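# A closer look at the structure
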Amino acid sequence: MSEFYDEMVALAVDMLNTFGGPATLTRPAASTFDKKLGKQVITGEPSSQSVLTVVGPVEMIDDDGRKVFKTIATLLVEPREGDALTQMLRTFRIGKVTVIAPIGAPIVYLAEVA
């Protein structure tokens, strides 16, 4: 990695340590569809990990060219769509995830939350 990239990673970590707050990222248990029972069957255990995150509104341009505000969570660990992010007393559902990776290695993850 380049020296510049190393500085950007360190800056992202520092910014989350300064402005971020503790949260819990929870991944639901894996499940499969059982044809005999005709329903989803849980095949694993849910997992969770402690993370630092900043959650707030971000102005974006949508597909129609309009300015919209979306609630975005900034994380250093990769969330998946459908994960739950709990910060203080509020729980968010992870939607679309955007990876900021200028040279192929991720710096931060931006997740739309609702």
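Placed above this text is the structure.
Heads up: these notes are all about the structure in this document. (Residues numbered from 1 in each chain as written. Predicted model: local features only at pLDDT ≥ 70, side-chain atom pairs only at ≥ 80, totals over all residues. Heavy atoms only, no water.)

## Overview of the layout of surface pockets
Heads up, the rule is: Put simply, the grid is 1 Å and covers the protein atoms alone, a cavity is a trapped set of points that fit a 1.4 Å probe, a pocket is an open set with protein on both sides within 12 Å along at least five of seven lines, and lining residues have an atom within 4 Å of a point. Grid points are joined across faces, edges and corners, and a volume is the space filled by probe spheres set on the points. A run of H or I in DSSP counts as a helix once it spans at least four residues, and a run of E counts as a strand once it spans at least two, with each numbered from the N terminus. Here the term charged refers only to Asp, Glu, Lys and Arg, the term nonpolar to Ala, Val, Leu, Ile, Met, Phe, Trp, Tyr, Cys and Pro, and the term polar to all other amino acids, Gly among them.
Quantified by volume, the largest pocket comes out at close to 160 Å³. If you trace the largest pocket, you find it lined by Val58, Met60, Ile61, Asp62, Asp63, Lys70, Ile72, Lys96, Thr98, Leu110 and Glu112. For the lining of the largest pocket, the elements supplying multiple residues, two or more each, are β4 (47–61), β5 (67–75), β7 (90–100) and β8 (108–113). Looking at the lining of the largest pocket, the element that brings in the most residues is β4, giving 3 residues. Considered class by class, the residues forming the lining of the largest pocket number 5 nonpolar, 1 polar and 5 charged.

## Structural notes on the sheet that holds β8
The condition that has to hold: By the convention used here, strands pair only if DSSP detects at least 2 bridges between them. What counts as an axis is a line fitted to C-alpha atoms, over the stretch in contact for a helix, and the angles between N-to-C directions run from 0 to 180 degrees. Here a residue-residue contact requires only that any non-hydrogen atoms of the pair lie within 4.5 Å.
The sheet built from 6 strands closes into a barrel, its strands ordered β1-β4-β5-β8-β7-β6 with antiparallel pairing. Ignoring which end each strand starts from, the neighbouring axes of this sheet average 45° apart. Bridge count for strand β1 (residues 21–27) against strand β6 (residues 84–87) is 3 bridges, and the pairing is antiparallel. The residue of β6 that forms the bridge with Thr26 is Ala84. In the packing of helix α1 (residues 3–19) onto the sheet, contacts are made with β1, β4, β5 and β8, and the angle to β4 comes to roughly 95°.

## Description of the pattern of salt bridges
Pairing is possible between side chains of opposite charge, provided their charged atoms come close. Under the convention used in this document: Just to be clear on terms, a salt bridge is a Lys or Arg side-chain nitrogen sitting within 4 Å of an Asp or Glu carboxyl oxygen. Here's how the labels work: a residue is buried when its accessible area is under 20% of the maximum for its type, exposed when over 50%, partly exposed in between, all with a 1.4 Å probe on protein chains only.
Evaluation of the coordinates by the stated rule reveals 5 salt bridges. Arg27 is paired through a salt bridge with Asp83; the nearest N and O atoms lie 2.9 Å apart. Taken together, the positions of Arg27 in strand β1 and Asp83 in the loop between β5 and β6 put the pair 56 residues apart, joining distant regions of the chain. On the basis of relative accessible area, Arg27 is assigned to the partly exposed category, the value being 22%. Ionic pairing is found between Asp64 and Arg66, a salt bridge with its closest N-O pair at 3.2 Å. Given the relative accessible area of 60%, Asp64 is considered exposed. Each of Asp62, Asp64 and Arg66 takes part in salt bridges that share partners, so that together they form one network.

What is shown is where atoms sit, not what they do.
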